[in-house]
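Secondary and tertiary structure notes
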Amino acid sequence: MELSQRLFVLPEGDPTRTFANDELLPPLPVPSLRHTLDRYLDSVKPFLNENELRETTKCVAEFERGVGQRLHAKLLQRAQRERNWLEKWWEEMAYLRNRQPLLPFTSTIGIGGKDYLNWETGNEFNAIKNAALFCYFTTEVWSLFRQGRWRPDSSRDGNSALNMYDFRRLFNTVRIPGETQDSLVSYFKTESEGPCPSHVIVLCNGHIFSVDALDTTGSPLSPPEWEQKLTDIFEKSSREKGPGLPLFTCTDRTTWAKNRKHLESLSVNNKSALHTVDTAMFVMVLSKDVKLNVSDVAQASLDSDMENRWADKSLMCVIYRNGLQGGVNEHTAYDGMVSVMAMNYISLRLNEIGFRWHDSETVRNLPPVQQIRFDIDRQVEESLQEASRTLQPYRSCWLWDKFTGYGKDLIKTFDLHPDSFVQMALQLAYFRLHHRPAPTYETGTTRSFYHGRTETVRSCTPEAIAWVHSMLSPSTPNSTKRELLKKAVAKHNLLMKEAKAGEGCDRHLLGLYCTAMAEGCEIPAIFTDPAFTKSGGGGNFILSTSLLGYTPLSGGSLPMCREGYGCFYNFYPKRINFTITAFRDSSETSTYRFFQSIQQSLEDMKNIFTGLTSNL
């Protein structure tokens, strides 16, 4: 049996179903108020002087004695009524109320290292061939979800099930713009639940097409059949540039909501066309651009050629003219590991066939592709022109690179967790480069709970900064540096363990804030205290980080702050891949210099165990 089948597919006859455990998961807990405030106070220490810490400690104590107790009691009541007290608030506050354009600000990118994605590259034919294989295997994942045969996740020890609900929103899902708040709508259904739309939207040169991924019997189109469809689309689109209506989806959400409302008012045809796009399985983009490396693919997929990006859709793949590929994910619908796992399956399947189709080359007589046309008036034309003028392309800077000095195998010989080890390297790298600690967000999963998603792990701890200072002190012996590193890693391990148990402080603090707003209270002083923002609260984390696992797939998103970094990494036995992002107009940040500092930090960390001196 192939590796992809062993890892991801339930055997024939296995009664287990993909989403069967979701309703059995325990409710998301509410941590104790004392625990949350203790953790919060500890997390602000690296960013405050003695007087500031004294004032913040006083503010937190007053909150705990006063309004905090009342808000916590109200939150406990909500948790009695709702199995996930956070879910609605999180989607609204973190995503749906945000008025920024989805591209590039909130969507995420999935990429594979060029040495791993062995696509044939170089011309349009190879690009279309690669797109055809991607469409075929992505449809295979969709079918496994539909049949309930995708193996449900479980905890690392295998003793507890993990939430699979967000996997339902990988396909057939759309974020509909609203003038003040968007809505998330999913049209996906399992076979037992009923029929589900099976068409794919293809964008090329400003044109929009629809291709059904299944034939009339429900069987999937083969890669050669996909090639024919995509070739037809590419040739039709090359004759002249289309109106580029997808550009609307890349504007700010309020502007897009108004333009969408106007489009719908023009004709029944427009309503039908929008519904066709909204309900589609996913979006495939045939780009006329050529991208030569992984960094270029990541950046361009997120914030260029907006006339060929339908930002609202939950999953979009961009195939460039020379065959390289980038995936775009609408973050409201699901978190990064959902797409990482799906794309890992597709990558394994591609490797298993050697990136070449070996079965039948027969192309059946199938219905022609359907071009989606909108009725457009002068107002639409002027709005598109305005959007084209005002959108700022190339807002972001992406760097994908690999540290080849060592990987997870060597880190494990130090008896340290690879993730915590790299988190400490990031603290040292940032401090060395910018001469101050960085409030840091690392993703911790809460998928062991009903509809659980994520919690924040605040990696910049007092223990981490104590170790950083020791590393930058030539007089500190390696033995002391090792002991301080072990303490910092142990603290990080504890915080990650608590986050996974639903005992992190950030989501609880958000719940208390949302409760205050729902009750019509004034904003409690704990949230207006400068320490809250200085330590990263309210989306002010300077480093936004995440471990993408131990697969060859990379990806990332933009920083939370204008002067911050996004840093995402995945492990190999003997190397570590990094994807680093920054805003191009930031005067402080440099993805190149930050990666150089990370490499130096990793070498220095190895050397405190080997006794060598860094040569960087």
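So, here's what we can say about the structure.

Thresholds applied
Residues numbered from 1 in each chain as written. Predicted model: local features only at pLDDT ≥ 70, side-chain atom pairs only at ≥ 80, totals over all residues. Heavy atoms only, no water. Helix = DSSP H or I, 4+ residues; strand = E, 2+ residues; numbered from the N terminus. Rg over C-alpha atoms; globule rule 2.2 N^0.38 Å. Buried < 20%, exposed > 50% of the residue type's maximum accessible area, 1.4 Å probe, protein only. Contact = heavy atoms within 4.5 Å. Areas by Shrake-Rupley, 256 points an atom, 1.4 Å probe, with all protein chains shown as cover. Lys, Arg positive; Asp, Glu negative; His and termini not counted. Charge placed at Lys NZ, Arg CZ, Asp CG, Glu CD. Core = buried A, V, L, I, M, F, W, Y, C linked by side-chain atoms within 4.5 Å. Pairing = 2+ DSSP bridges. Axes fitted to C-alpha atoms, helices over the stretch in contact; angles between N-to-C directions. Parallel < 35°, antiparallel > 145°, perpendicular 65-115°, else oblique. Left-handed = near helix turned anticlockwise from the far one by under 90°. Nonpolar A, V, L, I, M, F, W, Y, C, P; charged D, E, K, R; others polar. Phe/Tyr/Trp six-rings, centres within 6.5 Å; stacked < 30°, edge-to-face > 60°. Disulfide = S-S within 2.5 Å. Expected span 1.5 Å × (residues − 1). Salt bridge = Lys/Arg side-chain N within 4 Å of Asp/Glu carboxyl O. Right-handed = clockwise from strand over helix to strand, strands pointing away.

**Things to note about the overall build of the protein**
Counting secondary structure elements, the protein contains 21 helices and 16 strands. Here the C-alpha radius of gyration of the protein, 25 Å, is about what a compact globule of 616 residues would show, namely 25 Å. Overall size of the protein, expressed as C-alpha extent along the three principal axes, is 75 × 60 × 55 Å. The buried share of the protein, taken over its 616 residues, is 61%. Within the protein, contacts between residues separated by at least 24 positions form 76% of all contacts whose residues are at least 6 apart in sequence. With an accessible surface of roughly 24700 Å², the protein has 50% of that area assigned to carbon and sulfur atoms. Measuring between centres, the 70 positive side-chain charges of the protein sit 2 Å from its 72 negative side-chain charges.

**Some points on the nonpolar core**
In this structure, F171, W226 and M284 are the most contacted members of the largest nonpolar core, which totals 59 residues. When residues of this core are traced back to their parent elements, those giving at least two are α7 (124–147), β4 (199–204), β5 (207–212), α8 (223–238), β6 (283–286), β7 (315–319) and α12 (336–352). Counting residues per element, this core draws most heavily on α7, at 13 residues. For F171, the contacting residues outside a window of four places in its chain are T138, V141, W142, F145, S186, F188, M281, F282, S314 and L315. In this structure, L102, V277, V283 and W398 belong to the second largest nonpolar core, which totals 43 residues.

**Thoughts on the sheet that holds strand β16 (residues 576–583)**
Within the open sheet, the six strands sit side by side as β10-β16-β15-β13-β11-β12. Their pairing is mixed. The two strands at the open ends of the sheet, each matched to only one other strand, are β10 (396–403) and β12 (454–458). Sheet twist, expressed as the average angle between the axes of neighbouring strands with direction ignored, equals 25°. In terms of strand pairing, strand β11 (residues 440–445) meets β12 through five bridges, oriented antiparallel. Paired with T445 across the bridge in β12 is T454. Here helix α21 (residues 591–610) sits on the sheet in contact with β10, β13 (543–547), β15 (565–571) and β16, set at roughly 25° to β10.

**Some thoughts on unusual backbone geometry**
Omega for the peptide link from L103 to P104 comes to 10°, which places this bond in the cis form. Looking at the element boundaries, P104 is found in helix α6 (residues 102–105). You will see that N172, though not glycine, has its phi angle at about 55°, which is positive. Note that N172 resides in the loop between α7 and β2 (173–176).

**Here we look at the packing of helix α2 (residues 33–44) against helix α3 (residues 50–65)**
Packing of α2 against α3 leaves a shortest axis separation of 11 Å and a crossing angle of 170°. Classified by the angle their axes make, α2 and α3 are roughly antiparallel. Like other packed secondary-structure pairs, α2 and α3 cross with a definite hand, here right-handed. Taken together, the residues of α3 that come into contact with α2 (itself represented by L33, R34, L37, Y40, L41 and V44) are L53, T56, T57, V60, F63 and E64. Residues of the contact of α2 with α3, tallied by class, amount to eight nonpolar, two polar and two charged.

**Digging into the pairing of β16**
A regular strand places its side chains so that they alternate between the two faces of the sheet. The buried count for β16 comes to eight of eight residues, which makes it a mostly enclosed element. Residues of β16 alternate between two faces, with I576, F578, I580 and A582 on one and N577, T579, T581 and F583 on the opposite face, all of them buried. As defined by bridge partners, β10 adjoins β16 across eight bridges and the pair is classed as antiparallel. Within β16, the residue paired with K402 across the bridge is N577. Direction of pairing for β15 relative to β16: antiparallel, over a ladder of six bridges. Considered in β16, the bridge of N570 is made with N577. Counting the residues between successive antiparallel strands, the hairpin from β15 to β16 contains four residues.

**Remarks on the packing of aromatic side chains**
Taken as a whole and judged by the stated rule, the model has 30 aromatic pairs. Residues Y40 and F532 carry aromatic rings whose centres are separated by 6.3 Å and whose planes lie at 50° to one another, so their mutual orientation is tilted. Residue Y40 is found in helix α2, and its partner F532 is found in helix α20 (residues 530–534); the two are separated by 492 residues along the sequence. When sorted by exposure, Y40 lands in the same class as F532, which is buried.

**Details of the state of the cysteines**
By definition, a disulfide links two cysteine residues through a covalent bond between their sulfur atoms. If you walk through the whole model with that rule in mind, you get zero disulfides. In this model C250 remains outside any disulfide bridge; the closest cysteine sulfur is found in C204, 16 Å from its own. Exposure remark for C250: the relative accessible area of 0% places this residue in the buried category. Free cysteine C397: the closest other cysteine sulfur is in C567, separated by 13 Å.

**Considerations on the packing of helix α9 (residues 253–266) against helix α10 (residues 268–279)**
Between α9 and α10, the least distance of the axes is 6 Å, while the angle of their chain directions is 130°. When the interaxial angle is binned, α9 and α10 end up oblique. Contacts between α9 and α10 involve W256, R260, L263, E264 and L266 from the former and N270, K271, L274 and D278 from the latter. Of the residues assigned to the contact of α9 with α10, the class counts are four nonpolar, one polar and four charged.

**Quick word on helix α15 (residues 418–434)**
Taking 1.5 Å per residue, 17 residues should reach 24 Å; α15 reaches 24 Å between its end C-alpha atoms and fits that length. With respect to burial, α15 is a largely interior element, 16 of its 17 residues being buried. Once α15 finishes, H435 follows within two positions and takes phi at roughly 65°, a positive value.

**Digging into the pattern of salt bridges**
Applying the stated criterion across every chain yields a total of 39 salt bridges. Taken together, the shared-partner salt bridges in this structure form one network comprising R99, R175, D182, R253, D312 and E330.

**Brief notes about helix α11 (residues 294–303)**
The buried fraction of α11 amounts to nine of the ten residues, a majority that puts the element mostly inside the structure. Turning to α11, its buried residues are V294, S295, V297, A298, Q299, A300, S301, L302 and D303.

**Observations concerning the environment of F19**
By secondary structure assignment, the location of F19 is in the loop between α1 (3–8) and α2. The exposure class of F19 is buried, given its relative accessible area of 14%. Setting aside residues no more than four positions away along its own chain, F19 makes contact with F145, M164, F167, R168, F188 and T190.

**Some details on the pairing of β7**
Taken across its five residues, β7 has five buried, putting it largely inside the fold. Going residue by residue along β7, you find L315, C317 and I319 tucked away on one face and M316 and V318 tucked away on the opposite face as well. In this sheet, β7 lies alongside β6 in parallel orientation, the contact comprising four bridges. Paired with L286 across the bridge in β7 is I319. Running through α11, the crossover from β6 to the neighbouring parallel element β7 is right-handed. Between β7 and strand β8 (residues 325–329), which pair antiparallel one after the other, the connecting turn spans five residues, and G323 there sits at a positive phi close to 100°.

These figures come from the coordinates and say nothing about function on their own.
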